[in-house]
Amino acid sequence: MTPEKSVMAYVNHLIVSNFSYFWDEIDGYLYYLGGTLGTLTLGSLAASVAYYFATRPVPERPLVPLENQSPLLEGPEQIHVSKFYKESKNGKFVSYITENVRTLYQTFREGAYASNNGPCLGWRETLTSPYQWINYDEALLRAKNFGAGMLALGARPKQLIGIYSQNRPEWILYEQGCYSFSLVVVPLYDTLGPDACAFIIRQTDMQVVIVEDDGKAAMLLEKAPRSLKIIVAIKPIRQTTLERARSRGIQIFSFIDVEKLGAKGNHPEVPPTAEDLCTVCYTSGTTGNPKGVMLTHGNVVAGVCSVILQMGDHRIRAGDVMVSFLPLAHMFERCCENGMYYVGGCVGFYSGDIKELTNDLKMLKPTVMPAVPRLLNRVYDKIQNDISASGLKRGLFNMAMRAKEKEIARGVLRRNGCWDKLVFKKVHQAFGGNLRLMVVGSAPLAGNVLTFMRCALGCLVLEGYGQTECTGAITLTVQGDHVPNHVGPPVSCNAVKLVDVPEMEYFANQNTGEVCVRGSNVFHGYYKDPEKTAEAIDSEGWHHTGDVGMWLPNGTLRIIDRRKHIFKLSQGEYIVPEKIENIYTLSQYVNQVYVYGESLKSCIIAVVVPDTDVLKQWATENNVRGTLSVLCNNKNVKELIMNDMLNWGKQSGLKSFEQVKDIYLHPDPFSVQNGLLTPTFKAKRPQLKSYFKPQLEDMYKHLD
Ligand SMILES: *[C@@H]1O[C@H](CO)[C@@H](O)[C@H](O)[C@H]1NC(C)=O
């Protein structure tokens, strides 16, 4: 997993763990279908058929030939480029749409103009109140005041300013406030953890952080590095927190007071250039400290523009309403919102509780929605569950799906056909009823779920693939391509090629390999980390993503694997520890396993956390007494578990050098709390290595 992906996977996880409540709404679906069936008489069927012919829709024409979606540049490298930009063939990339709109400062003002000072930012006070809006001009004025206020408090252009808040209008006022004075946006977020947040503040020498509420202010104060001087709080702060801040020499201001301060000063704006840094977006990886991805205004504008171009006839425009609920700390949401502010659309923020998202959607009625796979999987599962109860409903549902799939294959996008009204209306309503465009990103989406969403929503559903390091999208599916299981052709701000990964047997001449990206969206390096930058971007400017892709014959990309942690043993054989771990965890005795090897050794070893229940049961059955720790030290237990692992390895085709030669049993699971797993439950290999150093050394000593 890429750092970005793992973060987003966690976001996904967060969102969906609360989703069971959310889609209870769709429970009503069952009854709805039942009711429809009851009234489905011949007469109404005839009426539906007549209605169908009266409203027979016209198919859309794809904007690129679907059998050849990305042309190849000449040369041995097999570089794929976009068909949405004429100059792509000459090795050029889209950087902007209009010459004089090249920064996020300018795009926002363009939106103010395009919307004729229309509504911009919307929110609800409570779950029963309607959305209220501020217009573009008011947003711009408040943003400018806030930015000027930060300058009055001592910030200087080009400085890095942090924000630690859920999505809300103030986030955007802060963001645009920063751009008005060439300040740099740095999001902090919960899943980084307090230590990583402190690391970021220290690394960037950050003096000002905007926080949402008392809890987040208190958390910052706990580990606040010395550079931190000012906290700006959006919500009220408790007295005890204020005192704690004072004792540490940190000032706390309210968001409104900073706006007022700025309004008084009337500092002239300091707009950024396209080459100026726009944001440093930290991604937490599986190893070490988070990495700060440096993106310029030019990067983000290039990313946003190329996606807008690729949306074709369905591109976002003034009058569109987008729902904001995916974290603004990630570039996916940042790009979506900045696209809306560019075209003069408006963004309504969710109430802050994901469980209430349907409530927000019903009130907001968005036309545009960014989404993540976990959310869509949840909707899909819910519906599958509902229809499984009755053969009749299942039959009707399957008929509807078949009919819609055919329709979509013909290029017809609509949600007013008879099947839409008969079967999918509840799904439309759950999303507010007005959706016309959905963009899915951040993690792989199962083909059947994508097809289901396309049928059920009857609107354009695009799937993209991207990375923080490439601002947002690298590839994006195109209108008219209804086939799932790929992520589309490259967007017009970048070119994509695949390079060999010999140790995993992926070769570019067989159209598989590591995805490499070059273009105007590629980042300018990791903040204060030239070493990692050099690992990621090669001398010709190609960013090596770490993802393994495959070109389909029609020029679309499919992501098929992740370049894994790999090492060589002394006899020259490659070891992919994750692959071996996945096999060993098939054993009923194995809860967790960490496979380790060194290039100076000829064999591999492992740390195994046994499955408590299975082991205890075995102990009872075999009259072995003792706590888990005692069992872990029992020679027979170790033999039992290792033999079972080796059996699984053999059955799964591991070669003999891929089998462990010794194991150490450890009673306590690897966890996020003890620092051995990432928030997405991936093994932190360097941490595991140092944690188990004595045991690993001991095992090797006995093997030599
Ligand atoms: C693109 O190619 C794949 C693989 O050959 C195929 O399954 C798919 O149908 C093609 N897509 C379109 C839209 O023709």
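Residues numbered from 1 in each chain as written. Predicted model: local features only at pLDDT ≥ 70, side-chain atom pairs only at ≥ 80, totals over all residues. Heavy atoms only, no water.

**Structural notes on the sheet that holds strand 19 (residues 557–562)**
Stage number 1. Judged by pairing direction, the sheet is antiparallel, and its 4 strands sit side by side in the order 16-17-18-19 without closing on themselves. Every interior strand has two partners, whereas the edge strands, strand 16 (494–499) and strand 19, have only one. Between one strand and the next, the sheet's axes are offset by a mean angle of 45°, whatever the strand orientation.
Stage number 2. With 5 bridges joining them, strand 17 (residues 512–519) and strand 18 (residues 543–551) adopt antiparallel strand pairing. Considered in strand 18, the bridge of Gly-513 is made with Gly-549. (Pairing = 2+ DSSP bridges. Helix = DSSP H or I, 4+ residues; strand = E, 2+ residues; numbered from the N terminus. Axes fitted to C-alpha atoms, helices over the stretch in contact; angles between N-to-C directions.)

**Some thoughts on the nonpolar core**
Stage number 1. Within the largest apolar cluster, 128 residues are counted, with the highest numbers of intra-cluster contacts made by Tyr-174, Ile-210, Phe-431 and Met-438.
Stage number 2. Each of domain 2 (86–92 + 372–562) and domain 3 (104–363) accounts for three or more of the residues forming this core.
Stage number 3. Excluding anything up to four places from it in sequence, Tyr-174 contacts Phe-146, Ile-161, Gly-162, Ile-163, Val-184, Val-185, Val-186, Ile-210 and Phe-255. (Core = buried A, V, L, I, M, F, W, Y, C linked by side-chain atoms within 4.5 Å. Buried < 20%, exposed > 50% of the residue type's maximum accessible area, 1.4 Å probe, protein only. Domains from an automatic or database assignment. Contact = heavy atoms within 4.5 Å.)

**Some points on empty space enclosed by the protein**
Stage number 1. Inspection of the entire model under this criterion finds 4 cavities of 30 Å³ or more.
Stage number 2. Lining the largest cavity are 15 residues, and of these Ile-408, Leu-413, Leu-460, Gly-480 and Asp-481 lie nearest its centre.
Stage number 3. It is strand 14 (residues 460–466) that provides the largest number of residues to the lining of the largest cavity, a total of 3 residues.
Stage number 4. When its residues are assigned to classes, the lining of the largest cavity shows 8 nonpolar, 4 polar and 3 charged. (1 Å grid on protein atoms, 1.4 Å probe; cavity = no way out; pocket = protein on both sides within 12 Å on 5 of 7 lines; lining within 4 Å. Points joined across faces, edges and corners; volume = space filled by probe spheres on them. Nonpolar A, V, L, I, M, F, W, Y, C, P; charged D, E, K, R; others polar.)

**With respect to the layout of surface pockets**
Stage number 1. In this structure, the second largest pocket occupies an estimated 770 Å³ of space.
Stage number 2. Taken together, 45 residues line the second largest pocket, and the ones lying closest to its centre are Gly-441, Ser-442, Gly-464, Tyr-465 and Gly-466.
Stage number 3. When residues of the lining of the second largest pocket are traced back to their parent elements, those giving at least two are helix 1 (3–17), helix 12 (297–310), helix 13 (331–343), strand 12 (368–371), strand 13 (437–440), strand 14, strand 15 (473–476) and strand 19.
Stage number 4. Ranked by the residues each element gives to the lining of the second largest pocket, the list is headed by helix 13, at 6 residues.
Stage number 5. In terms of residue class, the lining of the second largest pocket is built from 27 nonpolar, 11 polar and 7 charged.

**Quick notes on the site of the ligand**
Stage number 1. Taken together, Asp-481, Val-483, Pro-553 and Asn-554 form the complete shell of residues around the ligand.
Stage number 2. Side-chain polar atom of Asn-554 to an oxygen atom of the ligand: 2.4 Å apart, as the coordinates give it.
Stage number 3. When the free accessible area of the ligand is taken as 360 Å², the share hidden by the protein chains comes to 58%.
Stage number 4. Broken down by class, the residue content of the shell around the ligand amounts to 2 nonpolar, 1 polar and 1 charged. (Near = heavy atom within 4 Å. Polar contact = N/O pair within 3.5 Å; in protein donor to acceptor, adjacent residues only side chain to side chain. Areas by Shrake-Rupley, 256 points an atom, 1.4 Å probe, with all protein chains shown as cover.)

**Observations concerning the sheet that holds strand 24 (residues 660–665)**
Stage number 1. Ordered by their spatial adjacency, 3 strands build an open sheet running 22-23-24, and the pairing between neighbours is mixed. Strands with a single pairing partner mark the edges of an open sheet, and in this sheet they are strand 22 (590–596) and strand 24. Going across the sheet, the axis of each strand differs from the next one's by a mean of 25°, ignoring polarity.
Stage number 2. Relative to strand 24, strand 23 (residues 604–610) is paired through 5 bridges, and the arrangement is parallel. When the sheet's bridge partners are listed, Ala-606 is paired in strand 24 with Ile-663.

**Some details on the domain arrangement of the protein chain**
Quite often, the size of an interface is put as the accessible area lost when its parts meet.
Stage number 1. When cut into domains, the protein chain gives domain 1 (3–55), domain 2 (86–92 + 372–562), domain 3 (104–363) and domain 4 (567–703).
Stage number 2. Using C-alpha coordinates to define each centre, domain 2 is positioned 36 Å away from domain 4.

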